[in-house]
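What follows is each chain in one-letter form.
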Amino acid sequence: ERDGYQMAIAQAIGGNITLLRVQVDTGSTEVELVRALTERQVTGQFVGSTESQVSVDYTEAGDSTATLIVRETQPNPYPLLEAIGRGRLRLELPPGVALDVDFQGANGQASLNLSGLAIERLNMDLRLGDALVTLPAYDPQASPEDAVLGVLAARDGDVTLFVPDTVAARLELAGGSGLAPQYDAGLYNLLANGVLEARNYDTFSIKLRYVIEAPRGQVSLQVVEAGT
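What you see is a predicted model; the values in this text were computed from it and never measured.

Reading guide: rules and limits
- Residues numbered from 1 in each chain as written.
- Predicted model: local features only at pLDDT ≥ 70, side-chain atom pairs only at ≥ 80, totals over all residues.
- Heavy atoms only, no water.
- Pairing = 2+ DSSP bridges.
- Helix = DSSP H or I, 4+ residues; strand = E, 2+ residues; numbered from the N terminus.
- Buried < 20%, exposed > 50% of the residue type's maximum accessible area, 1.4 Å probe, protein only.
- Core = buried A, V, L, I, M, F, W, Y, C linked by side-chain atoms within 4.5 Å.
- Contact = heavy atoms within 4.5 Å.
- Salt bridge = Lys/Arg side-chain N within 4 Å of Asp/Glu carboxyl O.

Asks: Tell me what's going on with the pairing of strand 4 (residues 53-60), and back it up with residues and numbers.
Replies: Sheet topology note: the strand 4/strand 5 (residues 65-73) ladder contains 8 bridges and is antiparallel. Along strand 5, the bridge assignment pairs Glu60 with Ala66.

Okay, here's the thing in structure tokens:
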């Protein structure tokens with residue numbers, strides 16, 4: 001958008017930080033979260049309308065944790081209709097530091113490709129749009145093995161989850177649309193309590209539990225080769 005609003009994002013993460021909490025809050029925006037090529041650095045770019053503004057706030061606590069908040073707002077209480085458009089946000093998250101990610105989106109497709117990242121917890125609340133989520137082959141260190149690690153919700157859209165073949169997922173399907181989930185029955189079981197669980201779940205060294213909510217959409221699970 002040549003005449004729109006653009007903002008480059010670059011934030012260094014302190015060398016003493018062991019856990020980074022990332023909060024992303026967007027409006028009518030396509031969102032992409034991916035692994036950064038540079039360690040201990042968050043980079044990215046937002047491109048959107050002139051009615052949008054993006055703020056980046058980074059704070060370090062005294063307990064080796066930090067919080068990064070990326071928020072899109074529309075400061076003008078009476079925005080020009082001809083200036084309102086869908087934005088695009090790409091955010092590259094650092095490998096080598098544990099991450100607690102919380103994404104809130106109002107309207108737009110979301111692609112959360114978290115392969116190669118140390119995801120301790122992940123929450124997503126997308127009010128309108130489809131979501132693609134790739135989980136990493138990473139065993140969270142800060143939670144018990146049987147802990148639910150977050151809620152992945154698309155309130156009016158589909159959720160497609162990509163799970164590495166070295167990971168056993170246990171997905172609690174809540175608030176369903178009535179559509180049967182799509183999955184490989186040779187690799188996963190749909191239990192009577194609405195839980196989609198990897199076959200031989202107990203034999204995997206990496207077990208990830210999430211709640212999936214798609215009250216008006218389709219839930220799909222695909223097993224992929226680790227590292228892809």
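Asks: Tell me about unusual backbone geometry, and name the residues and values.
Replies: Positive phi values are uncommon outside glycine, yet Arg40 reaches one of about 55°. Structurally, Arg40 can be placed in the loop between strand 2 (19-35) and strand 3 (41-48). Of the residues examined, Arg40 reaches a relative accessible area of 23% and is grouped as partly exposed. With a phi angle near 70°, Ser64 is a residue other than glycine that sits in the positive phi range.

Asks: Provide a residue-level description of the nonpolar core, including the pertinent values.
Replies: Core analysis: the biggest nonpolar cluster contains 55 residues, and Leu20, Leu91, Leu99, Leu112, Leu122 and Tyr210 have the highest contact counts within it. No other element matches strand 2, which puts 5 residues into this core. The residues contacting Tyr210, other than those within four sequence positions of it, are Ile119, Leu122, Leu135, Val148, Leu149, Gly150, Leu152, Arg170, Leu171 and Glu172.

Asks: How would you summarise the pattern of salt bridges if you had to cite specific residues and measurements?
Replies: Under the defined criterion, the tally for this structure stands at 9 salt bridges. Across the pair Glu32 and Arg90 runs a salt bridge whose closest N-O atoms are separated by 3.0 Å. Of the two residues, Glu32 is situated in strand 2 and Arg90 in strand 6 (residues 87-93); the sequence distance between them amounts to 58 residues. When the shortest N-O distance is used, the salt bridge between Glu172 and Arg209 registers 2.5 Å. Highlighted residues: Glu172 in strand 13 (residues 167-174) and Arg209 in strand 16 (residues 206-213), separated in sequence by 37 residues. Judged by relative accessible area, which is 16%, Arg209 ranks as buried. Overlapping salt bridges, with partners in common, bring together Glu32, Arg90 and Glu92 in one network.

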